[in-house]
Every structure is written in structure tokens, then in C-alpha cells.
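Working through the structure, step by step
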Amino acid sequence: TISLILFGLHSASEFTKTVGFVLNVLAICVAIYGLAMYFYRLRLMERGDPYGYTNHSGPIVLTLSVISGIVILLFFYNPIPP
């Protein structure tokens, strides 16, 4: 992915490595959230609970993290001229 490419560039600046690291952390957070929600909802289904399947804060946090990653990439690849 782009984050691994940015993080792995040996001749890259510190800013590039920082952006790659941030994007890697965001990707790991998204994966952990998805896995946690899968097991949480699986447990609810196994117990037969009729409620508890909705989560309002998780999608908001995930959306904001993806948007922030995109904004960081756009800023990195298209810097605003001074």
C-alpha cells in the first residue's frame, strides 16, 4: 500500500516516513476495529441477543481516520506553494 511505500523509502525525508507511519497506524486501527466488531457481533448472535448490534461512534471514527489519511496524502503529493 501507499503507507508501506512511504514508510519504506530509504532516501525519503522524515516527513515522508512520519506520514507512512501514521497511515500504517490508521490501517492497523481499522483492521483491529473490524476484527473486534466481528467477534462482538458473533457473540451477540450466538447468545441470541436481539439488540446491541448498532455502533454509532465506530463508523464516525473510522471515517474521520480515512479522511485524515487522504488529506495527509493529498497534502504530501500536492503541497501548497508558499
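Our structure's up above, just so we're on the same page.
Described in the following lines is the structure provided in the data block. Here the residue numbering is sequential within each chain, running from 1 through the sequence in written order. Since the coordinates come from a predicted model, pLDDT governs what is reported: local features require at least 70, and pairs of side-chain atoms require 80 or more to be given and counted, while whole-chain, interface and lining totals use all residues. With hydrogens and water excluded, all non-hydrogen atoms of the structure serve as input to the side-chain values.

Comments concerning the overall build of the protein
Operational definition: The helix count covers DSSP runs of H or I at least four residues long, the strand count covers runs of E at least two residues long, and both are numbered beginning at the N terminus. The rule is simple: take the accessible area with a 1.4 Å probe, protein chains only, and divide by the maximum for that residue type; under 20% is buried, over 50% is exposed, in between is partly exposed. Residues are treated as being in contact if the distance between any of their heavy atoms lies within 4.5 Å.
Within the protein one finds three helices and zero strands. Ordering the α and β elements of the protein from the N terminus gives α-α-α. Of all 82 residues assigned to the protein, the portion counted as buried reaches 18%. For the protein, long-range pairs separated by at least 24 residues make up 44% of all intrachain contacts whose partners lie at least 6 apart in sequence.

Digging into a nonpolar patch on the surface
Cut-off, in case you're wondering: Residues enter a patch when their relative accessible area is above 30% and they make no salt bridge; the linking distance is 9 Å between like charges and 5 Å between nonpolar side chains (Val, Leu, Ile, Met, Phe, Trp, Tyr). With residues, only the protein chains shown are counted as cover, and all accessible areas are computed by Shrake-Rupley using a 1.4 Å probe. Salt bridges are defined by distance alone: a side-chain nitrogen of Lys or Arg within 4 Å of a carboxyl oxygen of Asp or Glu.
A contiguous nonpolar surface patch, about 330 Å² in accessible area, is contributed by Val-30, Val-66, Ile-70 and Leu-74. In terms of residue count, helix H3 (residues 57-77) provides more of the nonpolar patch than any other element does, three residues in total. When you line up the elements, Val-66 lands in helix H3.

What about the environment of Val-22?
Relative to the assigned elements, Val-22 resides in helix H2 (residues 14-47). For Val-22, a relative accessible area of 31% puts it in the partly exposed group. Sequence separation of Val-22 and Ser-68 is 46 residues, and the distance between their C-alpha atoms is 10.0 Å.

Section: the environment of Gly-34
Looking at the element boundaries, Gly-34 is found in helix H2. Note on Gly-34: relative accessible area 37%, which makes it partly exposed. On a C-alpha basis, the gap between Gly-34 and Gly-58 in space is 9.5 Å, while along the polypeptide they are 24 residues apart.

Some remarks on the environment of Leu-44
Assignment of secondary structure puts Leu-44 in helix H2. Residue Leu-44 is classed as buried on the basis of its relative accessible area, which comes to 4%. Not counting residues up to four positions away in its chain, the partners in contact with Leu-44 are Asp-49, Tyr-51, Gly-52 and Tyr-53.

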